[in-house]
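Residues per chain, in single letters:
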Amino acid sequence: MLEYFLPRASSFAGSIDHLFDLITYLVMFWFVLTMAFFFYVVFRFRAKPGQKAQYITGETHKQKQAVEIPHYLILLCDLAILFYTFKVWHEVKIDMPEYDEQVRVISQQWAWTFEHAGADGVLDTDDDIKLINELVLKKDTQYQYELQALDVMHSFSIPVFRLKQDAVPGRKIFGHFKPILEGEWDVQCAEMCGYGHGFMPARVKILAADEYYAWIAEHTPAHLKQDTAYANTESQLKEAPNNG
């Protein structure tokens with residue numbers, strides 16, 4: 001249902017949407033049923049001339065069934081939600097798939113710094129590409145991100161990924177995502193981080209492989225291009241020696 005309002009651009013976005021759908025439909029079912037029963041009772045047992053109201057204690061087994069049966073059925077719904085929640089949590093937070101690329105995300109008042117691994121695919125080398133408020137990713141590539149906060153707590157949020165992860169000063173937090181949809185969307189800070197909180201938006205660009213490698217070549221420092229003859233195709237990039 002959320003997909004009608006916001007595209008799914010990561011591999012686990014569908015699972016999170018399905019969890020929200022499950023919760024929404026179950027809650028909606030019980031809400032509608034409860035309201036229907038409530039109004040039925042109100043009209044069915046409304047005051048009538050010459051009919052005295054009956055006091056019901058709710059102590060007999062038959063009377064308690066009106067509460068017990070819905071109670072146990074709702075518990076079953078809770079168990080279904082709990083089971084699926086753990087399944088999604090494991091997929092998003094526990095199961096860390098082997099990554100193809102790394103990216104470092106650094107938050108501070110009030111901007112995002114994104115460190116891309118560059119042509120060699122390794123962070124902390126000379127060809128790293130650092131951008132402010134712009135994250136560039138390759139479609140259908142498994143990423144591992146390293147999240148840091150330099151000052152106060154922030155929250156790294158990419159709504160189209162259904163990703164939201166707090167950034168805590170002094171800690172390196174690792175996570176993963178796999179972009180599956182080309183396009184450009186918002187990156188937000190979802191934690192009140194000071195009076196400039198509303199002024200730290202960023203953008204994520206998801207490019208096809210050929211566009212991504214062209215972008216890498218464009219942003220690779222000139223002296224590394226000369227030394228390593230970085231090229232625009234994936235095969236050529238893999239053959240290029242690592243100068244980092």
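Just so you know, these numbers come straight off a predicted model, no measurement behind them.

(A) How the structure looks around helix H1 (residues 13-44). The end-to-end C-alpha distance of H1 is 46 Å, a good match for the 46 Å that 32 residues give at a rise of 1.5 Å each. Of all the residues in H1, the buried ones are Ala-13, Gly-14, Ser-15, Ile-16, Asp-17, Leu-19, Asp-21, Leu-26 and Trp-30. Lining the buried residues of H1 we find helix H2 (61-94).

(B) Seen up close, the sheet that holds strand E4 (residues 134-138). Read across the sheet, five strands follow the order E4-E10-E9-E6-E7 without closing on themselves; strand pairing throughout is mixed. The outermost strands of the open sheet, each flanked by one partner alone, are E4 and strand E7 (163-167). Direction aside, neighbouring strands of the sheet carry axes that sit 20° apart on average. Pairing between strand E9 (residues 183-189) and strand E10 (residues 202-207): five bridges, direction antiparallel. Paired with Asp-186 across the bridge in E10 is Arg-203. In this fold helix H3 (residues 209-219) packs onto E4 and E10, with an angle of close to 130° to the strand it touches most, E4.

(C) Spotlight on unusual backbone geometry. Looking along the chain, the bond that leaves Gln-109 and enters Trp-110 is cis, with omega of -5°. Among the structural elements, Trp-110 can be located in the loop between strand E1 (101-108) and strand E2 (111-116). In this model, Asp-140 sits at a positive phi of 60°, which is unusual for a non-glycine residue. Residue classification places Asp-140 among the partly exposed positions, given a relative accessible area of 46%. Phi at Arg-162 is positive, roughly 60°, even though this residue is not glycine. If you trace the backbone, Arg-162 turns up in the loop between strand E6 (154-158) and E7. On the accessibility criterion, Arg-162 (14% relative accessible area) is buried.

(D) Representation of the UniProt feature "transmembrane region" (unreviewed entry) in the protein chain in the model. Those residues carrying the UniProt feature "transmembrane region" (unreviewed entry) are residues 22-43 in this numbering. The span residues 22-43 shows a helical share of 100% and a strand share of 0%, and its end C-alpha atoms are spaced 32 Å apart.

(E) Spatial organisation of the packing of aromatic side chains. Considering all chains together, one arrives at 12 aromatic pairs under this definition. Seen in terms of ring centroids, Phe-38 and Phe-39 are 5.2 Å apart; in terms of plane orientation they differ by 75°. Their pairing is edge-to-face. Judged by its relative accessible area of 46%, Phe-38 is partly exposed. By relative accessible area, Phe-39 is classed as partly exposed at 44%. Put simply, the rings of Trp-112, Phe-114, Tyr-143, Tyr-145, Phe-156, Phe-161 and Phe-177 touch in pairs and so form one group of aromatic residues.

(F) View of the environment of Cys-189. As for its position among the elements, Cys-189 is in strand E9. Look at Cys-189 and you get buried, because its relative accessible area is 9%. Put simply, Cys-189 and Val-67 are 122 residues apart on the chain and 44 Å apart in space, counted from C-alpha to C-alpha. Setting aside chain neighbours within four positions, we find Cys-189 in contact with Trp-112, His-154, Ser-155, His-197 and Met-200.

(G) Structural context of H2. Approximately 35° is the largest bend angle found in H2, and it occurs at Val-67, with the proline Pro-70 only one to four residues beyond. Where H2 is concerned, the buried positions are Cys-77, Ile-81, Tyr-84, Val-88 and Val-92. Where the residues of H2 are buried, they touch H1 and strand E8 (173-177).

(H) Highlighting the sheet that holds strand E5 (residues 143-149). Strand order across the open sheet formed by five strands is E3-E2-E1-E5-E8, with mixed pairing between neighbours. Of all the strands in the sheet, the pair left with one neighbour each is strand E3 (129-132) and E8. Direction aside, the axes of adjacent strands within the sheet are offset by 25° on average. Both E1 and E2 contribute to a ladder of six bridges, which runs antiparallel. Bridge assignment links Ile-106 to a residue of E2, and that residue is Thr-113. Docked against the sheet, H3 engages E1, E2, E3 and E5, running at close to 95° with respect to E3.

Parameters at a glance
Residues numbered from 1 in each chain as written. Predicted model: local features only at pLDDT ≥ 70, side-chain atom pairs only at ≥ 80, totals over all residues. Heavy atoms only, no water. Helix = DSSP H or I, 4+ residues; strand = E, 2+ residues; numbered from the N terminus. Expected span 1.5 Å × (residues − 1). Buried < 20%, exposed > 50% of the residue type's maximum accessible area, 1.4 Å probe, protein only. Contact = heavy atoms within 4.5 Å. Pairing = 2+ DSSP bridges. Axes fitted to C-alpha atoms, helices over the stretch in contact; angles between N-to-C directions. UniProt positions renumbered as here; feature names shortened; annotations may be inferred. Phe/Tyr/Trp six-rings, centres within 6.5 Å; stacked < 30°, edge-to-face > 60°. Bend = angle between axes of the 7 residues up to and from the residue.

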